[in-house]
Amino acid sequence: MTLRLEKVTKKFGSFTAVDDLSLEIPEKQIFGFLGANGAGKTTTFRMVLGLLDQTKGEISWNGGDVGYDQSHLIGYLPEERGLYPKLKVQEQLVYLAKLRGMKKAEAVQQIERWLERFKVPEYKNKKVEELSKGNQQKIQFISAVLHKPKLLILDEPFSGLDPVNVEMLKKAVIDLKEAGTSIVFSSHRMEHVEELCESLCILHHGSPVVHGKLNEIKKTFGKKNVRVMAD
Ligand code: ATP
C-alpha cells in the first residue's frame, strides 16, 4: 500500500504549482513533507485526495485511485480548519463519522475515547465556537482519525498549537503509526519531521530538492543543510 506519485504536475493557468513530482510514501510509516510557504504541499495533498485533478502524471495507492475509489480509507486534516461553529462537538463528529460509513454507536464510543485521550471529555456537548483555536484543532484531528483510516494526511497539524498540545498530537500520531496507519504530514519545521519521520521530501517551488530516508539525507547533506533546505 505504498502511495506513489509519478511525474505529477499541477498547473493553475500558466503557473506551475507542482512540477514533475515523483514520490513514494511507504506504508505504516510517518512521512514528512517539508517546504516553505507556497512550495506546493497543500496542492499535492489535494491531488492525492482527488480534490484537484493533476495536469499530468499518475497517483496511485492500494492498487487504485486514492481520492475517487478509496476516500473512506483516508483521513484528512485540512490546512484550512473547517468545523461547524454552532454545532456541538459530538453532534458534528458523529455527522462526519456517518459520512464515512461509521455507525452512530461506534462513533460515539470512539469520540469519547479520543476526547478522554486529549483530556477534554467535557467538550462533548460544547459548541465548537466556544473552544479555543487549539482545541478546535484537536477536534478536527479527531474527525480525521475517527473512522480508523489506513492513510492519514495531515496538513500542518502542529501549527498554531501550544507545546503541550503539540506533544499530545505527536504522541497520537506515533500511536496511530504503531497501529498500522500510513501517515503523511506537512510542516515548515524540520524538528517535527526529525522527531517523527523515517522518510521525507523537501519541496521547493513545486519540485523535490531532497527525497528519501531521513538518516541517509542527514549523512549526505549534514543536519544543518537539511534545515536550511526546508526553510
Ligand atoms: P503553505 O505552507 O503556505 O500552505 P504550500 O506548500 O501548501 O504552502 P500550496 O498551497 O500548495 O503551497 O500553493 C502552491 C502555489 O500554488 C502557491 O503559489 C499558491 O498561491 C498556488 N495556488 C494554490 N492553489 C491555487 C489555485 N487554486 N489557483 C491558483 N494558484 C494556486
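A quick note: this is a predicted structure, and the numbers were derived from the prediction, not measured.

Caption draft 1: Here's a closer look at the site of the ligand. In the vicinity of the ligand, 14 residues are found, and the nearest of them are Gly38, Gly40, Thr42, Thr43 and Glu79. Between an oxygen atom of the ligand and a main-chain N or O atom of Gly38, the distance comes to 2.8 Å. Lys41 places a polar side-chain atom, nitrogen or oxygen, 2.9 Å from an oxygen atom of the ligand. The protein chains hide 65% of the 640 Å² of surface that the ligand would expose on its own.

Caption draft 2: Structural context of the nonpolar core. One finds Trp114, Phe118 and Phe141 to be the most contacted residues of the largest nonpolar core, which totals 46 residues. The element best represented in this core is helix α6 (residues 163-178), accounting for 6 residues. Excluding residues within four positions of it along the chain, Phe141 makes contact with Leu77, Trp114, Phe118, Leu154, Leu169, Ala172, Val173 and Leu176. Counting residues in each nonpolar core, the second largest holds 24 residues, with Leu23, Trp61, Leu151 and Ile153 among its members.

Caption draft 3: Structural view of the environment of Gly212. Within the secondary structure, Gly212 sits in strand β9 (residues 207-213). Apart from residues no more than four positions distant in its own chain, Gly212 is found in contact with Glu198, Ser199, Leu200 and Ile217.

Caption draft 4: Highlighting helix α4 (residues 104-117). The terminal C-alpha atoms of α4, which comprises 14 residues, lie 20 Å apart, in line with the 20 Å expected from a rise of 1.5 Å per residue. Within the sequence span of α4, burial applies to Ala107, Val108, Gln110, Ile111, Trp114 and Leu115. One side of α4 carries all its buried residues, which in axial view fall inside an arc of 170°. Along α4, exposed side chains directed more than 90 degrees from the buried face belong to Ala105, Gln109 and Glu116. Each element contacted by the buried residues of α4 is listed here: α3 (89-99), α5 (133-145) and α6.

Caption draft 5: Region of interest: the packing of aromatic side chains. Taken as a whole and assessed by the stated rule, the structure comprises 6 aromatic pairs. Measuring from centroid to centroid gives 6.0 Å for Trp114 and Phe141, while their planes differ by 70°, and the two rings are edge-to-face. A residue pair is termed long-range when its members are at least 10 positions apart, and Trp114 in helix α4 and Phe141 in helix α5 qualify at 27 residues. On the basis of relative accessibility, which here comes to 4%, the residue Trp114 falls in the buried class. Each ring, one from Phe118 and one from Phe141, has its centre 5.9 Å from the other, and the planes form 55°; the classification is tilted. One end of the pair, Phe118, is in the loop between α4 and α5; the other, Phe141, is in helix α5, and 23 residues separate them in sequence.

Caption draft 6: Representation of the environment of Trp114 in the model. Distance from Trp114 to Phe141, taken between C-alpha atoms, is 9.7 Å for residues 27 residues apart in sequence. With residues near it in sequence (within four places) discarded, Trp114 still touches Phe141, Ile142, Val145, Leu146, Ala172 and Leu176.

Caption draft 7: Looking closely at the confidence of the model for the protein chain. Taken over all residues, the pLDDT of the protein chain has a mean of 91, while the share at 70 or more is 95%. On the interface metric, ipTM, the complex scores 0.96, and its pTM is 0.92.

Caption draft 8: The arrangement of the pattern of salt bridges in detail. Applying the stated rule across the entire model yields 10 salt bridges. For Glu129, the salt bridge goes to Lys86, with nearest N and O atoms at 3.1 Å. Within this pair, whereas Glu129 is found in the loop between α4 and α5, its partner Lys86 is found in the loop between β5 (74-77) and α3, the two being separated by 43 residues in sequence. Its relative accessible area of 40% is what places Glu129 among the partly exposed residues.

Conventions adopted
Residues numbered from 1 in each chain as written. Predicted model: local features only at pLDDT ≥ 70, side-chain atom pairs only at ≥ 80, totals over all residues. Heavy atoms only, no water. Near = heavy atom within 4 Å. Polar contact = N/O pair within 3.5 Å; in protein donor to acceptor, adjacent residues only side chain to side chain. Areas by Shrake-Rupley, 256 points an atom, 1.4 Å probe, with all protein chains shown as cover. Core = buried A, V, L, I, M, F, W, Y, C linked by side-chain atoms within 4.5 Å. Buried < 20%, exposed > 50% of the residue type's maximum accessible area, 1.4 Å probe, protein only. Helix = DSSP H or I, 4+ residues; strand = E, 2+ residues; numbered from the N terminus. Contact = heavy atoms within 4.5 Å. Expected span 1.5 Å × (residues − 1). Arc of directions from axis to C-beta. Phe/Tyr/Trp six-rings, centres within 6.5 Å; stacked < 30°, edge-to-face > 60°. pLDDT = per-residue confidence, 0-100. Salt bridge = Lys/Arg side-chain N within 4 Å of Asp/Glu carboxyl O.

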